[in-house]
Amino acid sequence: MESVRSDAAAAQGDSALTVKILVAGGFGVGKTTLVSAVSEIRPLRTEEALTEKSIGVDDTSAVAGKTTTTVAMDFGRITLPNGLVLFVFGTPGQDRFWFMWDELAKGALGAVVLVDTRRLADCFASVDYFERRGLPFIIGVNRFDGPGRHTADQVRDALDLSPEIPVIFCDARDREDAKQVLITLVEHIMRTMSSRQATISY
């Protein structure tokens, strides 16, 4: 992971400020799609075809058209208007690949938990993971079914989230939507860091 970050930083120049973030969530929620939509470089993907061995292991009932799955990570990069460079790492969604999360989380400053309101329980593990580690995160609600049928407050209540955690709706296929999700995360990270610094100073 460090070599990937170093190479990307070198490509941007020594003066570039870089931040590593994660995109997490359940199986088939749109993590690879979001990373691909927002990346300014050709994204790195580690997808493999779903096979008969996944029957009974991966629940594809809500994503019947899904034929591949991420087995390691996705990687993309985006430069925000203020010059901040984001290295975006998408995590695998299935339980059997969770052993990779600790490695992917090293050096990350925050995360997007992407959710599908039709399968809200699928994101509980991601929320718990980042809460336990004190890593700032936001919720990105991927609009699979068009206009949202749920409000941000309803999603926040269902996930038992603190009021300060942003909930933003998006279409993971849309670059501008995906970019706004990442901008919202960066703003949340900055607020969280400022709040923690103020507490320490006090």
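The structure displayed is predicted, hence computed values, not measured ones.

1. Topic: the sheet that holds strand S8 (residues 167-170)
(1) Moving on: Here 6 strands make up an open sheet; going across it, the order is S4-S5-S1-S6-S7-S8 and the pairing mixed. Here the strands that pair on one side only, and so sit at the sheet edges, are strand S4 (74-79) and S8. Neighbouring strand axes in the sheet, compared pairwise and without regard to direction, differ in orientation by 25° on average.
(2) Moving on: Two elements, S4 and strand S5 (residues 85-90), share 6 bridges in a ladder whose sense is antiparallel. By the bridge assignment, Arg77 is partnered in S5 with Phe87.

2. Concerning the packing of aromatic side chains
(1) Moving on: Using the criterion set out here, one finds 6 aromatic pairs in the structure.
(2) Moving on: Geometrically, the ring pair formed by Trp101 and Tyr129 is edge-to-face, given 5.2 Å between the ring centres and 80° between the ring planes. Here Trp101 is found in helix H3 (residues 101-105), whereas its partner Tyr129 is found in helix H4 (residues 124-133), with 28 residues between them in sequence.
(3) Moving on: Accessibility expressed as a relative area gives 4% for Trp101, which makes it buried.
(4) Moving on: A relative accessible area of 7% places Tyr129 in the buried class.
(5) Moving on: Put simply, the rings of Trp101, Tyr129, Phe130 and Phe137 pair up and form one aromatic cluster.
(6) Moving on: Its end group placed over the ring of Phe89, Lys20 keeps NZ or CZ at 4.7 Å from the ring centre.
(7) Moving on: The cationic tip of Arg133 hangs over the ring face of Tyr129; the distance from NZ or CZ to the ring centre is 3.6 Å.

3. A short note on the nonpolar core
(1) Moving on: Counting 28 residues, the largest nonpolar core has Leu22, Val113, Phe130, Phe137, Ile139 and Leu161 as the members making the most contacts within it.
(2) Moving on: Those elements that place two or more of their residues in this core are strand S1 (18-25), S5, H3, strand S6 (108-115), H4, strand S7 (137-142) and helix H5 (152-159).
(3) Moving on: Counting residues per element, this core draws most heavily on S6, which supplies 4 residues.
(4) Moving on: Excluding residues within four positions of it along the chain, Phe130 makes contact with Leu22, Ala24, Trp101, Ala111, Val113, Leu135 and Phe137.
(5) Moving on: Counting residues in hydrophobic clusters, the runner-up holds 24 residues, among them Val29, Cys170, Val181 and Leu182.

Parameters at a glance
- Residues numbered from 1 in each chain as written.
- Predicted model: local features only at pLDDT ≥ 70, side-chain atom pairs only at ≥ 80, totals over all residues.
- Heavy atoms only, no water.
- Pairing = 2+ DSSP bridges.
- Helix = DSSP H or I, 4+ residues; strand = E, 2+ residues; numbered from the N terminus.
- Axes fitted to C-alpha atoms, helices over the stretch in contact; angles between N-to-C directions.
- Phe/Tyr/Trp six-rings, centres within 6.5 Å; stacked < 30°, edge-to-face > 60°.
- Buried < 20%, exposed > 50% of the residue type's maximum accessible area, 1.4 Å probe, protein only.
- Lys NZ or Arg CZ within 6 Å of the ring centre and 35° of its normal.
- Core = buried A, V, L, I, M, F, W, Y, C linked by side-chain atoms within 4.5 Å.
- Contact = heavy atoms within 4.5 Å.

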